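Descriptive analysis of the structure
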Amino acid sequence: MISAIVRIFRTPDLRRKIGFALGMIALFRLGSFIPGPYVDFGNVQACLNANQNTSGLYELVNLFSGGALLQLSIFALGIMPYITASIIIQLLRVVIPHFETLHKEGQAGQSKLTQYTRYLTIALGVLQSTTLITVARSGALFGTNSTPECSQLLTNDSWYAILLMVITLTAGTGVIMWMAELITEKGIGNGMSLLIFTSIAAGFPRSLGNVYAARGLNTLLIVLALIIVVIIAVVFVEQSQRRIPVQYAKRVVGRRTYGGNNTYIPIKVNMAGVVPVIFASSLLYLPALIAQFNQPAAGEQPAGWVTWITTYLTQGDHPAYMALFFLLIVGFTYFYVAITFNPVEVADNMKTYGGFIPGIRAGRPTAEYLDYVLTRITLPGSLYLGFVAILPLIVLALAGANTDFAFGGTSILIVVGVGLETVKQIDSQLQQRHYEGLLR
């Protein structure tokens, strides 16, 4: 292992790529601590120190921004607008035939879809930055029970100051998007995934420190043991796949013979990745956001539906929240797998190139067989995602620790998945230049 790491830094091209990725990551983290214009840095820090165990409604966005959201920095929105835009464009392929046509056109079509994703990212950045500044002005960014300093986060609430803040936060989103694409192009690994990995890993030490300070060493050891067990389980399931054998008939074209080889279609147990968890978290976030904007004036009682949402859908330690979160993850897993893996298209491609599954006729029977296998294998994958997502919530709630812990189920899925993918890419780069890779 040590010799493989040494080979990484002895390979100039690979060393350059890793150095470039690390440089971009360092700039990303630096921007997370630069406050935006007209932001009272002292009051923000006072609110953060007074609300260390409460992330409010913005837990997921703050997690993916590496804590920059609640600091109102120039990178406050993080990579979330880019993630949301990418998912929306991917989903629109099912609804808009033009997008599906572009997806099948190859590099030119993919470039066009990427351009649409960039435009949508900027639009979402404007929308989310406006919402964030509005909540910060109202004093509800850190919740309704915050300290007086939390209602004075901005030093100037004039229209031009707000406009400048919206432009700055949106520009920060554009810069992060550009950095992610540069890492993908000139660095190693997927830029968007690496930035998310960095944001989550940056909050890990502080979260462990908060658990230790609030609950002591015994709870900290329980949390660490839980993390290790979940990571082992996630690695095992993420590497698991069902391999469907495929044979290709021999074809003679001129003097050459094509085909005649055996291969397989790898269908992963977790084909959807962490996307269903993000979908479910975002959907649960919307009712809480609506309730946040319908808080009553001082001395008045809140509406019944606002009280219900605040009681059941904003706290991760409530059984109703966990149950709804689990069911949404299972449903979104089936939905996302259905739109990303098309058995009919795969069967048609196999038939075109003379491929067939042993014992299954080409064409429609192959599509039906693939759909049957996919439906059966998605069930354990969806249950696995839901279980991993709510297990830390259950254990931390039983232990009395903070359920907004930054290394929860969603974070573990992302960190392990990105780590495995990055290691595989480094290994493939090494194997191009040496007989041995990083992995054996």
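The shown structure was predicted, so the numbers you read here are calculated from the model rather than taken from an experiment.

Focus: the sheet that holds strand β4 (residues 262–268)
With antiparallel pairing, the three strands of this open sheet are ordered in space as β4-β1-β5. In this open sheet, the two strands that pair with only one neighbour each are β4 and β5 (355–356). In the sheet, strand β1 (residues 241–248) pairs with β4 via seven bridges, with the strands oriented antiparallel. Bridge pairing in β4 links glutamine 247 to asparagine 262.

Some details on the pattern of salt bridges
A complete count under the given rule lists seven salt bridges for this structure. Between aspartate 13 and lysine 17 there is a salt bridge, and its shortest N-O distance comes to 3.9 Å. Of this pair, aspartate 13 and lysine 17 both sit in helix α2 (residues 12–31), separated by four residues, roughly a single helical turn. By relative accessible area, which is 27% here, aspartate 13 ends up partly exposed. The partner of aspartate 157 in a salt bridge is arginine 137, and the shortest N-O contact between them spans 4.0 Å. Here arginine 137 lies in helix α7 (residues 107–138) and aspartate 157 lies in the loop between α7 and α8 (159–186), a separation of 20 residues in the sequence. Residue aspartate 157 is classed as partly exposed on the basis of its relative accessible area, which comes to 46%. In the salt-bridge network here, residues are joined through shared partners; they are Asp13, Arg16 and Lys17.

A look at the packing of α2 against helix α9 (residues 191–238)
What describes two packed helices is the angle between their axes and the distance between those same axes. Contact geometry for α2 and α9: axes closest at 10 Å, N-to-C directions at 55°. When the axes of α2 and α9 are compared, the pair comes out oblique. Read as a crossing pair, α2 and α9 show a hand that is right-handed. Residues Ile25, Phe28 and Arg29 of α2 lie in contact with α9, whose contacting residues are Leu195, Thr198, Ser199 and Ala202. Among the residues forming the contact of α2 with α9, the class breakdown is four nonpolar, two polar and one charged.

Basis of the calculations
Residues numbered from 1 in each chain as written. Predicted model: local features only at pLDDT ≥ 70, side-chain atom pairs only at ≥ 80, totals over all residues. Heavy atoms only, no water. Pairing = 2+ DSSP bridges. Helix = DSSP H or I, 4+ residues; strand = E, 2+ residues; numbered from the N terminus. Salt bridge = Lys/Arg side-chain N within 4 Å of Asp/Glu carboxyl O. Buried < 20%, exposed > 50% of the residue type's maximum accessible area, 1.4 Å probe, protein only. Axes fitted to C-alpha atoms, helices over the stretch in contact; angles between N-to-C directions. Parallel < 35°, antiparallel > 145°, perpendicular 65-115°, else oblique. Left-handed = near helix turned anticlockwise from the far one by under 90°. Contact = heavy atoms within 4.5 Å. Nonpolar A, V, L, I, M, F, W, Y, C, P; charged D, E, K, R; others polar.

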